[in-house]
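If you want the building blocks of each chain, they are given just below.
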Amino acid sequence: MPKTRITAEEALAYHLDPQPGKFEITPSVPMTTQRDLSLAYSPGVAVPCEAIAENPETAYDYTTKGNLVAVISNGTAVLGLGNLGALASKPVMEGKSVLFKRFADVNSIDIELDTEDPEEFINAVRLMGPTFGGINLEDIKAPECFIIEQRLKEEMDIPVFHDDQHGTAVICAAGLMNALHLSGKKIEDCRIVLNGAGAAGIACIELIKAMGAKHDNCIVCDTKGVIFQGRKDGMNQWKSAHAANTDLRTLEEAMDGADVFLGVSVKGAVTQDMVASMADNPVIFAMANPDPEITPEEAHEVRTDAIVATGRSDYPNQVNNVLGFPYLFRGALDIHARAINDEMKLACATALAKLAREDVPDEVAMAYGKKLTFGRDYIIPTPFDPRLIFTIPPAVAKAGIDSGAARRPIIDMERYELTLKSRMDPTASILRGINARARQAQATMIFAEGDDPHVLRAAVQYQRNGFGRALVVGREDDVKAKLETAGLGDAVRELRIVNAANTEHLPMYKSFLYDRLQRQGFDLHDIHRLAARDRHVFAALMLAHGHGDGLVTGATRKSAHVLELINHVFDARASDGAVGITAILHNGRIVLIADTLVHEWPEAEDLANIAEQAALVARGFGLDPRVAFVSFSTFGYPISERAEKMHEAPAILEARGVDFEFDGEMTADVALNPDVMAQYPFCRLSGPANILVVPARHSASISVKMMQELAGATVIGPILSGIDKPIQICSTNSTANDIMNMAVLAACKVG
């Protein structure tokens, strides 16, 4: 896949807009009436307080403790940046909290402790124990991280997990299981070399020994060479535990004849000569970040039989901690575990290894950009695999139950797996699939409004994210100035800027436009003004002549006005079959609303046409269309002339014999709420509707704006459907990310 470029300006903007940080806290219970307040606080809250005081275990029933993890750091080892301090570590800790929620639906709060004293750190965390169901330690330097974790494990009765150590170790172990399976080797027979004796390295070698690797077959190296019995220089108790009885003294000597290399050290630590000296079918896990000890290309130049993994997403076999920690905690929390022990970690690794050997779902292949099959380039599942949430936690939970770590064992494991499936957010996989399709399409996208900073930022993001080439309509000096103001001055060399005044194609564009409009009251002067001075028309002419694959516009002008300008070049009126469809993303659901752009007051026949176009868009999103014609009445009651057309439209679709589900007329709650829908057993929809066809454009607009403002829904669109070329019209309040999303939809030809 094309590599993604992230600039400092983009990273800062991501953390700043639409509000500072990466998450917010919202209540999960009603908080609107006096009764709600009385139940939430005083006097109602006294009842669960007394229940917990009498039986502490009920805290898991009456509070968030059972699904709440603290991500805690003092910032002494932030990523690869070193000791930045507690405050500077906060963006990383917020990010870790978001990953917990995104991948395993675990609520998480970041806590940054401003101390480098292990005793102060230990005491602070220990005192917070009643609040949380688990503690995730992060970015704490060695050897303090060993001391802190061990003491907290001893003094607390909830899981304490240092992800920099054990997260890496678990994924490494999973990959190693499959690499050895492919190479036909047994772990107890393998000579294993580890380079890097810090937190992650020590955890890796400890877990691999728990898998069956023999102590005498494991050589651990650090910056001073092999850790051997009797060495005094640079030693501590954690290194000493893995000192080998050996005459080997350097990494180069240790690598000679080794079956496995595990690297958690630095770029370039391994040479091609070292790789060449390894045993047949060597396994090389070069996990240093951001650059591995040796790249896969360098390793394969000298050893085509090598199985190589790294910590990077742009190479196969990424050792990515996000495959482990969310699901480990999910399983541990769900059994109210006292700890995450070795049995649970090995169960996680084994489940990951087994999952990689199974057939890969199409949506995973789509997100990854190619078909994935178990083999040398696919030994570890990808983070985008939706099966992780209902595969890994049950394995972890079972291991916790069997090893005695569970306070509340799960009796019905099959039912537990079903509850885990319900935690998945289908919108995430759908949007990943669309992004993957856009990267494969590599469409040249025309951004019509090069005078707008948001549009320019979107164009830069589109190109730097590997979706294709961005063409910006505007004046070069103006575009350059606005990019520099936005902190993207270097991007002017990447974008192609197209100015109507300088293009050789303008005469051809004008001739085409005059042929279309000469009998509609436009003279040659009007044609020149439109083609040479109006960016929306000029961009549409570029698209019509194949000088781009898609068009994004509308960020600076009202959508109705932009649509009228596009109609000068394309047939995009209601009578031509054009439709505007808006996607609403909220609480893990996608619902399409139509028509939000073109039809002012559609009749029954128009509504049927709108439904068919919306079904095409739904399939472009990867949805099976279920159309509801919504009104203020349900299946004929109350009787109203205004609802009649909503009643007639389904009959028209039935006569056409369309291949998707539809029914109506019905109110929105019947369409969207399965319990309410169940009151109408004759309803032809098999589940809640994902397409709402509304009576008029004004009602569609009201619905979309209310969902956006009151419910905080994400809105994509209106998506323009039913015309010859992919054109997407943004709203005037679109962010750069919104505009880029519309460009991605155009690249995928959704609509």
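Residues numbered from 1 in each chain as written. Predicted model: local features only at pLDDT ≥ 70, side-chain atom pairs only at ≥ 80, totals over all residues. Heavy atoms only, no water.

Caption draft 1: View of the sheet that holds strand E5 (residues 192-195). Spatially, E7-E6-E5-E8-E9-E10 is the arrangement adopted by the 6 strands of the open sheet, whose pairing is mixed. Each edge of the open sheet carries a strand with a single partner, namely strand E7 (225-226) and strand E10 (307-310). In the sheet, strand E9 (residues 283-286) pairs with E10 via 4 bridges, with the strands oriented parallel. Across the sheet, the residue bridging to isoleucine 284 is valine 308, located in E10. Along the sheet, helix H8 (residues 163-183) contacts strand E8 (260-263), E9 and E10; its crossing angle with E9, the most-contacted strand, is approximately 160°. Across the sheet, helix H9 (residues 199-211) lies against E5, strand E6 (218-222) and E8, angled at about 160° from E5, the strand it touches most. (Pairing = 2+ DSSP bridges. Helix = DSSP H or I, 4+ residues; strand = E, 2+ residues; numbered from the N terminus. Contact = heavy atoms within 4.5 Å. Axes fitted to C-alpha atoms, helices over the stretch in contact; angles between N-to-C directions.)

Caption draft 2: Structural context of the sheet that holds strand E2 (residues 107-112). An order of E2-E1-E3-E4 is seen for the 4 strands of this open sheet, with the pairing classed as parallel. For this open sheet the edge positions go to E2 and strand E4 (160-162), each flanked by a neighbour on one side alone. Ignoring strand direction, the axes of neighbouring strands in this sheet form an average angle of 25°. Note that strand E1 (residues 68-73) and E2 share 6 bridges and pair parallel. Across the sheet, the residue bridging to leucine 68 is asparagine 107, located in E2. Strand contacts of helix H7 (residues 144-155): strand E3 (134-137) and E4, with the helix running at about 165° to E4, the strand carrying the most contacts.

Caption draft 3: Spatial organisation of the pattern of salt bridges. Counted according to the given criterion, the structure contains 40 salt bridges. In this structure, arginine 464 and glutamate 494 form a salt bridge, with 2.7 Å as the shortest nitrogen-oxygen distance. Of this pair, arginine 464 sits in helix H20 (residues 453-464) while glutamate 494 is found in the loop between helix H21 (476-485) and strand E13 (496-498), placing the two residues 30 residues apart along the sequence. Judged by its relative accessible area of 2%, arginine 464 falls in the buried class. According to the relative accessible area criterion, glutamate 494 is partly exposed, its value standing at 25%. (Salt bridge = Lys/Arg side-chain N within 4 Å of Asp/Glu carboxyl O. Buried < 20%, exposed > 50% of the residue type's maximum accessible area, 1.4 Å probe, protein only.)

Caption draft 4: Region of interest: the side chain of asparagine 67. Its place among the elements puts asparagine 67 in the loop between helix H4 (59-62) and E1. A polar atom in the side chain of asparagine 67 sits 2.9 Å from the side chain of arginine 330. The residues touching asparagine 67, leaving out its near neighbours within four places in the chain, are Asp105, Val106, Asn107, Arg330, Leu333 and Arg423. (Polar contact = N/O pair within 3.5 Å; in protein donor to acceptor, adjacent residues only side chain to side chain.)

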